[in-house]
Amino acid sequence: MPSADLLLNPRALPRPSEVSGTQHCLARLYQSHAPALLRYACSKGASQHDAEELVQELFIRLSHYDNLPQLHNEMAFLRTVVVNLLRDRHRRNQHAPQWVEYDESNHEYHSLLPEPEAQLSQQQAVAQAEADLAQLPALTRRIFLLNRIQSLSYEDIATQLNIGVMVVRRHLRDALMHLTQRRMQREQQ
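For clarity, every value in this text was computed on a predicted model and none was experimentally measured.

## Quick look at the side chain of His171
- Inspection of the secondary structure puts His171 in helix H8 (residues 165-188).
- Using a relative accessible area of 10% as the deciding quantity, one classes His171 as buried.
- Residues contacting His171, with those up to four places away along its chain left out, are Leu139, Thr140 and Ile143.

Below, the structure is given as structure tokens:
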């Protein structure tokens, strides 16, 4: 069974010809799929560091898997495990208490509220977004808000407004183009 150190350094992993059975299969899987699994984890929202940890954890778990040589679709199996590990990590992070450092020499209390400059910046951004939305035609604005604020699907919006799905898509496209253009114009100023 390979150690965690071997999985951190792919050069330290033995060549498939130097091992047998499950170890051979594990070495082959790592050499052929680890880079793709790293990219896949990143595409699912993991940072590069987290993706590396997830792939390492995946191969550590695989080292305990008895039926490793009998996998029919290796990549599908490996991707499923990566997604499950991501979900587990996300759940763990949601329920874990936040770490708060306490330094006895520093008794300043820090507010959880944003700084006044950040609050002003956020208020200005909201006001600009509202002004940009106000420039949209009424139907386009309504469709945009139903989709983005109320999270309705295209089909639900089309049913509610008694219009076609293609009309909904066109209005959403127009709204997004308008809002993007307005933001770009502000950034160029």
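## Describing the pattern of salt bridges
- Following the criterion strictly, the structure yields nine salt bridges and no others.
- With its nearest N and O atoms 3.6 Å apart, the salt bridge here joins Asp88 to Arg91. Here Asp88 pairs with Arg91, and both are found in helix H4 (residues 74-95), just three residues apart, close to one helical turn.
- In this structure Arg91 comes out as partly exposed when scored by relative accessible area, which is 47%.
- Put simply, Asp50, Glu53 and Arg89 are held in one network by salt bridges that share partners.

## Things to note about the packing of helix H3 (residues 48-62) against H4
- At a minimum axis distance of 10 Å, the contact between H3 and H4 shows a crossing angle of 120°. Every pair of crossing elements has a handedness; the one defined by H3 and H4 is right-handed. Within the contact between the two elements, H3 uses Asp50, Glu53, Leu54, Glu57, Leu58, Arg61 and Leu62 and H4 uses Phe77, Leu78, Val81, Val82, Leu85, Leu86 and Arg89.
- Of the residues in the contact of H3 with H4, the class split is nine nonpolar, no polar and five charged.

## Topic: H4
- Helix length check: H4, at 22 residues, gives a terminal C-alpha distance of 32 Å against a target of 32 Å (1.5 Å per residue), a fit within 8%.
- Listed as buried for H4 are Glu74, Met75, Leu78, Val81, Val82, Val83, Leu85, Leu86 and Arg89.

## A short note on the packing of helix H7 (residues 154-161) against H8
- Two elements in contact, H7 and H8, have axes separated by 8 Å at closest approach and are oriented at 110°. For the element pair H7 / H8, the angle class is roughly perpendicular. On H8, the residues that touch Tyr154, Glu155, Ile157 and Ala158 of H7 are Val165, Val168, Arg169 and Leu172.
- In terms of residue class, the contact of H7 with H8 is made up of six nonpolar, no polar and two charged.

## Thoughts on the nonpolar core
- Ranked by size, the top nonpolar core spans 22 residues in total, and within it Leu37, Leu58, Phe59, Leu62 and Val82 carry the most contacts.
- Elements with a contribution of two residues or more to this core: helix H2 (21-43), H3 and H4.
- Counting 13 residues, the second largest nonpolar core, distinct from the first, contains Ile143, Leu152, Ala175 and Leu179.

Quick notes on the rules
Residues numbered from 1 in each chain as written. Predicted model: local features only at pLDDT ≥ 70, side-chain atom pairs only at ≥ 80, totals over all residues. Heavy atoms only, no water. Helix = DSSP H or I, 4+ residues; strand = E, 2+ residues; numbered from the N terminus. Buried < 20%, exposed > 50% of the residue type's maximum accessible area, 1.4 Å probe, protein only. Contact = heavy atoms within 4.5 Å. Salt bridge = Lys/Arg side-chain N within 4 Å of Asp/Glu carboxyl O. Axes fitted to C-alpha atoms, helices over the stretch in contact; angles between N-to-C directions. Left-handed = near helix turned anticlockwise from the far one by under 90°. Nonpolar A, V, L, I, M, F, W, Y, C, P; charged D, E, K, R; others polar. Expected span 1.5 Å × (residues − 1). Parallel < 35°, antiparallel > 145°, perpendicular 65-115°, else oblique. Core = buried A, V, L, I, M, F, W, Y, C linked by side-chain atoms within 4.5 Å.

So, to be careful, I would describe these as geometric facts and stop short of saying anything about function.
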